[in-house]
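Spelled out from the first residue to the last, the chains are:
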Amino acid sequence: MLAPLRYGAFRYLAVGRLVNMVGNGVAPIALAFAVLDLTGSVRDLGLVVGARSLMTVLFVLFGGVVADRIPRRLVLVGSNVLGALTQAAVAGLVLSGTATIPLLLALGAANGIVSALAQPASAAATPQTVPPELIQPANAIIRLGINAGMIGGASLGGLLVAAVGPGWGLAVDALAFAVAAVAFAGVRVAAPPAEKAHTSVINDLREGWTAFTARTWVWAVVLGFMILNAALAGGVNVLGPAVADETIGRSAWGVVLAAETAGMVLGGLIALRVRVRRLLLLGVACMFAESFLLLGLALAPTIAVLLVAGVAVGIAVEQFAVAWDTSIAQHIPPDRLARVYSYDMLGSWIAIPLGQIAVGPLAAAIGTRDTLLILATLVVLSVLGMLASREVRRLQAISPARGADAAQAGSADGGPGDVATAEPVARA
């Protein structure tokens, strides 16, 4: 299960992503209190956070092109250096008392662009760092690190804000970017083919779109998650705290969310051991569990019910996440991988703001309980829609034996390790 850790490039990648997530856990807490200390306005906080999210969505396709065009190590190092600089600037402004909302908006937007550059590259780098037969456990280890980093980062962020103030929390986030950049410098993987530099960005986007749409299982899952994510963003992130305020209380709601994260860690450990031929089918079917929290909030908002639902959701999410990343890595040509990931990210995220904005008026019109039930129904229907695809149901994971054969076939070009490696053989 831990075999991927034998490869130096993978170890550096795993450490870099873990440190990134520690910073990402600290940043939202520190930024939220920095803005509230500055103006006391929730609207201003929404603008600052929204500016970052908007830039990430707008530039994620460009990030995919960049990651397929130049060495992914360079993209990861460069984006994290830029992230360190932008967050250090934010920290400096807050600590010196010179922060203003326009400055925070501009730096938040810049950080969103940095995130758009980094995310496709980091997702596409994993299959370059291990042999094909180890892609599934490698993805599971990455996910374990991400969840552990988020738990530790959120805890550290709360402590820093309470003890020394939000400015120092933002400084720690800047330091995390810098440490991650050092770690990513050790991710020595093959550069894209030289001829990619001679194509236009539009042609690269068109080529990525073709790879994305040519596989029904890819766009069917992304379309399903467009609906599913919008429903969850509105139901859990917006209505969830409102229901908790009237029933179990704010602190208990925090415990429920922590239970979901703990379930994700447990799910990652389970995913390390799962060996099934139709891995994507299993992952998508697990997404029925995403309706549990919504149903619990609507029908039985008690701490016992919501804790069980949270753990179940966390376990299920990790089965899908590992299945999806493994399927993408095994069946998408490596030179198009980052662009397919960028279309995946765009499609999966684009409806989230709509869900967050629309759920309030809908709940005011028909009631919170009925709105949650509608959202739970949308989750179930989105999963059924994904499972309606024959390709989703029948896509087979590449077995370790077949993966080993593929690795041997490409051994003349080198293997994963501490030096530059060839990308795995394309398996479309």
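Residues numbered from 1 in each chain as written. Predicted model: local features only at pLDDT ≥ 70, side-chain atom pairs only at ≥ 80, totals over all residues. Heavy atoms only, no water.

Undergrad: I'd like to hear about the overall build of the chain, residue by residue, with values.
TA: Within the chain, the secondary structure is distributed over 17 helices and zero strands. For the chain, with 428 residues in total, the buried portion stands at 53%. Sequence-distant contacts in the chain: of pairs separated by 6 or more residues, those separated by 24 or more amount to 88%. If you sum the accessible surface of the chain, you get close to 17,700 Å²; carbon and sulfur atoms cover 69% of it. (Helix = DSSP H or I, 4+ residues; strand = E, 2+ residues; numbered from the N terminus. Buried < 20%, exposed > 50% of the residue type's maximum accessible area, 1.4 Å probe, protein only. Contact = heavy atoms within 4.5 Å. Areas by Shrake-Rupley, 256 points an atom, 1.4 Å probe, with all protein chains shown as cover.)

Undergrad: Quick one: what's the story with the packing of helix α8 (residues 216-246) against helix α12 (residues 303-331), residue by residue and with numbers?
TA: One can describe the packing of α8 onto α12 by two numbers: an axis separation of 12 Å at closest approach and a directional angle of 150 degrees. As the angle between them shows, α8 and α12 are arranged roughly antiparallel. When you trace α8 past α12, the crossing you get is left-handed. Between α8 and α12, the residues in contact are Trp217, Val218, Val221, Val222 and Phe225 and Phe320, Trp324, Ser327, Ile328 and His331, respectively. Residue composition of the contact of α8 with α12, grouped by class: eight nonpolar, two polar and no charged. (Axes fitted to C-alpha atoms, helices over the stretch in contact; angles between N-to-C directions. Parallel < 35°, antiparallel > 145°, perpendicular 65-115°, else oblique. Left-handed = near helix turned anticlockwise from the far one by under 90°. Nonpolar A, V, L, I, M, F, W, Y, C, P; charged D, E, K, R; others polar.)

Undergrad: Report on a positive patch on the surface, specifying residues and quantitative values.
TA: A contiguous patch of positive charge on the surface is contributed by Arg277, Arg278, Arg390, Arg393 and Arg394. When you line up the elements, Arg393 lands in helix α16 (residues 390-394). (Patch = residues over 30% accessible without salt bridge, like charges linked within 9 Å, V, L, I, M, F, W, Y side chains within 5 Å. Salt bridge = Lys/Arg side-chain N within 4 Å of Asp/Glu carboxyl O. Lys, Arg positive; Asp, Glu negative; His and termini not counted. Charge placed at Lys NZ, Arg CZ, Asp CG, Glu CD.)

Undergrad: Please give an account of helix α5 (residues 135-163) that cites residues and values.
TA: Each full turn of the α-helix corresponds to 3.6 residues, which orients residues three or four apart in the same direction. Taking 1.5 Å of rise per residue, the 29 residues of α5 would be expected to cover 42 Å, and the 41 Å separating its terminal C-alpha atoms lies within 8% of that figure. A positive phi of about 105 degrees marks Gly165, the residue just after α5. (Expected span 1.5 Å × (residues − 1).)

Undergrad: Talk me through the environment of Leu223; I want residue IDs and the actual numbers.
TA: Mapped onto the secondary structure, Leu223 falls in helix α8. For Leu223, a relative accessible area of 43% puts it in the partly exposed group. Through-space distance from the C-alpha of Leu223 to that of Ser382 is 8.3 Å; in sequence the pair is 159 residues apart.

Undergrad: Could you give an account of the confidence of the model for the chain, with specific residues and numbers?
TA: Averaged over every residue, the pLDDT of the chain is 82; the share at 70 or more is 89%. The lowest-confidence element of the chain is helix α17 (residues 400-409), averaging 44 in pLDDT; the highest-confidence one is helix α15 (residues 368-387), averaging 95. Contacts from residues 401-428, a stretch scored under 50 in pLDDT, to residues over four places away or in other chains number 55 contacts. (pLDDT = per-residue confidence, 0-100.)

Undergrad: Go over the nonpolar core with me, naming the residues and quoting the values.
TA: Core analysis: the largest hydrophobic core is formed by 94 residues, its most contacted members being Val284, Trp324 and Ile328. For this core, the leading source of residues is α8, giving 13 residues. Discounting chain neighbours no more than four positions away, the residues touching Ile328 are Trp217, Val218, Leu337, Val340 and Tyr341. Within the second largest apolar cluster, 13 residues are counted, among which are Ala30, Ala34, Ile101 and Leu170. (Core = buried A, V, L, I, M, F, W, Y, C linked by side-chain atoms within 4.5 Å.)

Undergrad: Any details on the pattern of salt bridges? Residues and values, ideally.
TA: Following the criterion strictly, the structure yields five salt bridges and no others. Here Glu318 makes a salt bridge to Arg143, at a shortest N to O gap of 2.6 Å. Of this pair, Glu318 sits in helix α12 while Arg143 sits in helix α5; the two residues are 175 residues apart in sequence, bridging distant segments of the chain. Looking at Glu318, the relative accessible area reads 0%, which means it is buried. Among the residues examined, Arg143 registers a relative accessible area of 16% and is labelled buried. Of the charged contacts in the structure, one is a salt bridge between Arg369 and Asp370, with a shortest N-O distance of 3.7 Å.

Undergrad: Could you give an account of the packing of helix α14 (residues 352-366) against α15, naming the residues involved and the relevant values?
TA: The contact between α14 and α15 brings their axes to 7 Å, and the two run at 125 degrees. Comparing their axes, α15 and α14 come out oblique. On the side of α14, the interface is formed by Val359, Leu362, Ala363 and Ile366, while α15 contributes Thr368, Asp370, Thr371, Ile374 and Leu375. For the contact of α14 with α15, a count of residues per class yields six nonpolar, two polar and one charged.

Undergrad: An account of a nonpolar patch on the surface is requested, with residue identities and associated values reported.
TA: Taken together, Ile227, Leu362, Ile366, Ile374, Leu378, Leu381 and Leu384 make up a surface patch of nonpolar side chains, about 550 Å² in accessible area. When residues in the nonpolar patch are grouped by element, the largest group, four residues, is from α15. Following the sequence through the fold, Ile227 ends up in helix α8.

Undergrad: Could you give me a rundown of the side chain of Glu290, with the residues and numbers involved?
TA: Secondary-structure assignment places Glu290 in the loop between α10 (279-286) and α11 (291-299). In this structure, Glu290 is buried with no salt-bridge partner, the nearest side chain bearing the opposite charge being Arg143 at 9.1 Å. Leaving out residues up to four positions away in the same chain, Glu290 has contacts with Leu228, Leu232, Val313, Val317 and Val379.

Undergrad: Could you give an account of the environment of Val161, with specific residues and numbers?
TA: Of note, Val161 is situated in helix α5. C-alpha separation for the pair Val161 and Leu31, spaced 130 residues apart in sequence, amounts to 9.6 Å. If near-sequence neighbours (up to four positions away) are discounted, Val161 is found in contact with Ile29, Ala30, Phe33 and Pro166.

Undergrad: Before we move on, could you go through the environment of Leu307 and cite the residues and values that matter?
TA: By the secondary structure assignment, Leu307 is in helix α12. Each residue touching Leu307, except ones within four places of it in the same chain, is listed here: Val255, Val256 and Ala259.

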